[in-house]
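# Structural overview
For reference, the chains in residue letters:
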Amino acid sequence: MKSFDIIRRKVISRRTMLRGVGAMVGLPFLDAMLPAVSAKEDKPATPMRFVAMQYGLGFHSPFLVPKQQGKDFELSPYLEQLKGHRQYLTVVSGISHPEQRGANGHTSEMTWLTGARHPGLPGFRNTISIDVMLAEKLGPVTRFPQMALSSAGSDSLSWTSNGVNLPAETSPAKVFRNLFVEGTPAEKKQQLDDLERGKSILDSIRMQAAKLKSSLGKIDQRQLEQYFTAIRDMEKKIAAMENWATKPKPIVKVKPPVDVADRTDILAKTKLMHDLMLLALQTDSTRIISYKAGGMNAVPKIPGVSNDWHNLSHHGQDQQKIDELKVIEMAEFAEVNRFLEMLKATTEAGSALLDRTTVLVGSNLSNASSHDATNLPLVLAGGQFRHGSHIAFDRLNNGPFASLFVSIAQQMGVSLNEFAYASSTLKGLDIK
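Residues numbered from 1 in each chain as written. Predicted model: local features only at pLDDT ≥ 70, side-chain atom pairs only at ≥ 80, totals over all residues. Heavy atoms only, no water.

A word on the overall build of the protein chain. Along the backbone of the protein chain there are 11 helices and 13 strands. Buried residues in the protein chain amount to 54% of all 432 residues. Residue pairs in contact within the protein chain that sit at least 24 positions apart in sequence constitute 70% of those at least 6 positions apart. (Helix = DSSP H or I, 4+ residues; strand = E, 2+ residues; numbered from the N terminus. Buried < 20%, exposed > 50% of the residue type's maximum accessible area, 1.4 Å probe, protein only. Contact = heavy atoms within 4.5 Å.)

Structure representation (structure tokens):
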């Protein structure tokens, strides 16, 4: 999807925006993800990045979480797949978000990066996800401040402060075009025309909303001011996009990917996405990526697997199902290892890209069979952390998952002292 297509879909819906004014609430789409761009030219030589990868059907924890705490832990079967990166990773266990019982056993997917409570229940409204918050705090220093990708449906892991889920891009071919393929002169002109149109609509909305202000009470006036703030934020994004629209995209000597037609070939889909994530980070087209990986109600195209993946994840302690599930999850971790290898092999300013990229791999479920959203299985790799340990919190009184996000932000140089329900960094995870 080209950026001007997103503008057309989100900005020119005048009726939707005016209805938002009439309701006196913050305009939800104004914070929605746009491939915002920046007028800034002075980028730091070695920027920090963050990649979050979620596997919605969980991992079988006994095959992932080490039995020993600290540095001298024995590698589990899944960690054996990552053994070449032991000094670059930290395993975290006994951690979760509070009150994740929601509308069904899988709604905790929605809050994995937000920490909001009671996902999907009546009255639920999600909060901002850590990837979107980091992108906002870093500012539009890249063509895409944040990218939401998925190989498991169009919903993403990413949420705005207004509780709007950002649409995920599921086509590697479209991701590649957005990142590296220049539009024709006619397409670029159309993009600039659309941006001008968006500015005109924002001007019209502002004038109409301003007429309402004098007739409102103080509470409604405060809500309306939040609306004006959203409009001003969108204007800044549009101004940045106008700047990027005239700049050439990076040139990469890579053959454009072809989308995988077989929806069950999940490893091929993930491989393409991992390749594109590397290119996006390497070219500094973005610094923040969320990726919703894996999971399906079908038999995945993986040698040795003959049963429905969802059914296997809900194994009910059936050993035969667990053994087959292990085949899937070993293959997933082998592909994660390949992604980390690519980051380690790519150099930037004399160091590995892995040293500048924090990669969070995990799930919203520790046991999909019981839909357990406590004791989450998490592996943190790369960045500027002191790695090599298994940090284990109390399995009955879990550590705060959101504190990990505070640690990630501070390690990236982002000023963030609290997130969601957490007001401290994660105990035991130190920055170099």
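Helix α8 (residues 266–282) packs onto helix α5 (residues 172–180) with a crossing angle of 10° between their chain directions and a minimal axis gap of 10 Å. As the angle between them shows, α5 and α8 are arranged roughly parallel. Contacts between α5 and α8 involve Pro172, Val175, Phe176, Leu179 and Phe180 on the former and, on the latter, Leu272, Met273, Leu276, Leu279 and Ala280. Tallied by class, residues from the contact of α5 with α8 come to 10 nonpolar, no polar and no charged. (Axes fitted to C-alpha atoms, helices over the stretch in contact; angles between N-to-C directions. Parallel < 35°, antiparallel > 145°, perpendicular 65-115°, else oblique. Nonpolar A, V, L, I, M, F, W, Y, C, P; charged D, E, K, R; others polar.)

Another point: the packing of aromatic side chains. Aromatic ring pairs are described here by two measures, namely the spacing of the ring centres and the angle between the planes. Tallied over the full model, the rule gives eight aromatic pairs. Each ring, one from tyrosine 78 and one from phenylalanine 333, has its centre 5.2 Å from the other, and the planes form 20°; the classification is stacked. Highlighted residues: tyrosine 78 in helix α3 (residues 77–80) and phenylalanine 333 in helix α10 (residues 319–345), separated in sequence by 255 residues. Comparing tyrosine 78 with phenylalanine 333, the two get one shared label, buried. Both rings, one in phenylalanine 405 and one in phenylalanine 419, keep their centres 5.7 Å apart while their planes meet at 90°; by these two values the pair is edge-to-face. Of this pair, phenylalanine 405 sits in helix α11 (residues 401–411) while phenylalanine 419 is found in the segment after α11, placing the two residues 14 residues apart along the sequence. Taken together, Tyr55, Phe59, Phe63, Tyr78 and Phe333 form an aromatic cluster joined through their ring pairs. Stacked on the ring of phenylalanine 73, the Lys or Arg arginine 86 has its end atom at 4.1 Å from the ring centre. (Phe/Tyr/Trp six-rings, centres within 6.5 Å; stacked < 30°, edge-to-face > 60°. Lys NZ or Arg CZ within 6 Å of the ring centre and 35° of its normal.)

Below, the discussion takes up unusual backbone geometry. For histidine 371, which is not glycine, the phi torsion reads 55° and is therefore positive. Among the secondary structure elements, histidine 371 is positioned in the loop between β10 (357–362) and β11 (378–381). The class for histidine 371 is partly exposed, based on a relative accessible area of 27%. If you check the backbone angles, asparagine 375 has positive phi at about 50° while not being a glycine. Locating asparagine 375 in the fold gives a position in the loop between β10 and β11.

All right, on to the pattern of salt bridges then. Applying the stated criterion across every chain, the model contains nine salt bridges. Between glutamate 348 and arginine 49 there is a salt bridge, with the nearest N and O atoms lying 2.8 Å from each other. One end of the pair, glutamate 348, is in strand β8 (residues 347–348); the other, arginine 49, is in strand β1 (residues 49–55), and 299 residues separate them in sequence. Arginine 49 shares its class with glutamate 348; the two are buried. (Salt bridge = Lys/Arg side-chain N within 4 Å of Asp/Glu carboxyl O.)

For the pair α8 and α10, interaxial distance at closest approach is 10 Å and the crossing angle is 20°. By the criterion of interaxial angle, the relationship of α8 to α10 is roughly parallel. Helix-helix and strand crossings are classified by hand; for α8 and α10 the assignment is right-handed. Across the interface between the two elements, Leu267, Thr270, Lys271, His274, Asp275, Met277, Leu278 and Leu281 from α8 touch Ala331, Glu332, Glu335, Val336, Arg338, Phe339, Met342 and Leu343 from α10. Residue classes in the contact of α8 with α10 are distributed as nine nonpolar, two polar and five charged. (Left-handed = near helix turned anticlockwise from the far one by under 90°.)

Another aspect to go through is the sheet that holds strand β12 (residues 390–392). The strand order across the open sheet formed by seven strands is β4-β7-β1-β10-β11-β2-β12, and the pairing between neighbours is mixed. The sheet terminates laterally at β4 (147–150) and β12, the two strands that pair on one side only. Looking at each pair of strands side by side, their axes are set apart by 15° on average, direction ignored. (Pairing = 2+ DSSP bridges.)

Bringing the side chain of glutamate 332 into the picture now. Turning to its location among the elements, glutamate 332 is positioned in helix α10. Within the buried core, glutamate 332 has no salt-bridge partner, and the shortest N-O distance to an opposite charge, that of lysine 292, equals 13 Å. Beyond its immediate chain neighbours, meaning those up to four positions away, glutamate 332 contacts Tyr55, Phe59, Leu267, Gly294 and Trp309. (Lys, Arg positive; Asp, Glu negative; His and termini not counted.)

In this section: the nonpolar core. Met53, Met277, Leu343 and Val359 are the most contacted members of the largest nonpolar core, which totals 44 residues. Each residue touching leucine 343, except ones within four places of it in the same chain, is listed here: Leu278, Leu281, Ala352, Leu353, Leu354, Thr357 and Val359. If you look at the next biggest cluster of nonpolar residues, it comprises 37 residues, including Phe50, Ala52, Phe393 and Phe419. (Core = buried A, V, L, I, M, F, W, Y, C linked by side-chain atoms within 4.5 Å.)

For the rest of this paragraph, the subject is the confidence of the model for the protein chain. Confidence in the prediction for the protein chain averages 83 pLDDT; 75% of positions are at 70 or higher. Confidence drops under pLDDT 50 across residues 1–44; counting only partners more than four residues distant or on other chains, this segment forms 114 contacts. (pLDDT = per-residue confidence, 0-100.)

Our next topic: α11. Most of α11 is tucked away, with 10 of its 11 residues classed as buried. Of the positions making up α11, those classed as buried are Phe401, Ala402, Ser403, Leu404, Phe405, Val406, Ser407, Ile408, Ala409 and Gln411. In this structure, the buried residues of α11 make contact with β1, β3 (95–96), α4 (130–138), β10, β11 and β13 (399–400). Where α11 ends, the next residue or the one after it, glycine 413, has phi of about 85°, a positive value.

Its place among the elements puts serine 158 in strand β5 (residues 155–159). A polar contact is formed between the side chain of serine 158 and the side chain of glutamine 146, at a distance of 2.8 Å. In this view, serine 158 contacts Ser129, Asp131, Val132, Gln146, Ala148, Val164, Asn165, Leu166 and Ser290; residues no more than four positions away in its chain are not counted. (Polar contact = N/O pair within 3.5 Å; in protein donor to acceptor, adjacent residues only side chain to side chain.)

Quick look at the environment of glycine 382 now. Tracing the backbone shows glycine 382 in the loop between β11 and β12. Overall, the relative accessible area of 1% leaves glycine 382 in the buried class. Glycine 382 sits 23 residues away from valine 359 along the chain, and the two C-alpha atoms are 6.1 Å apart.

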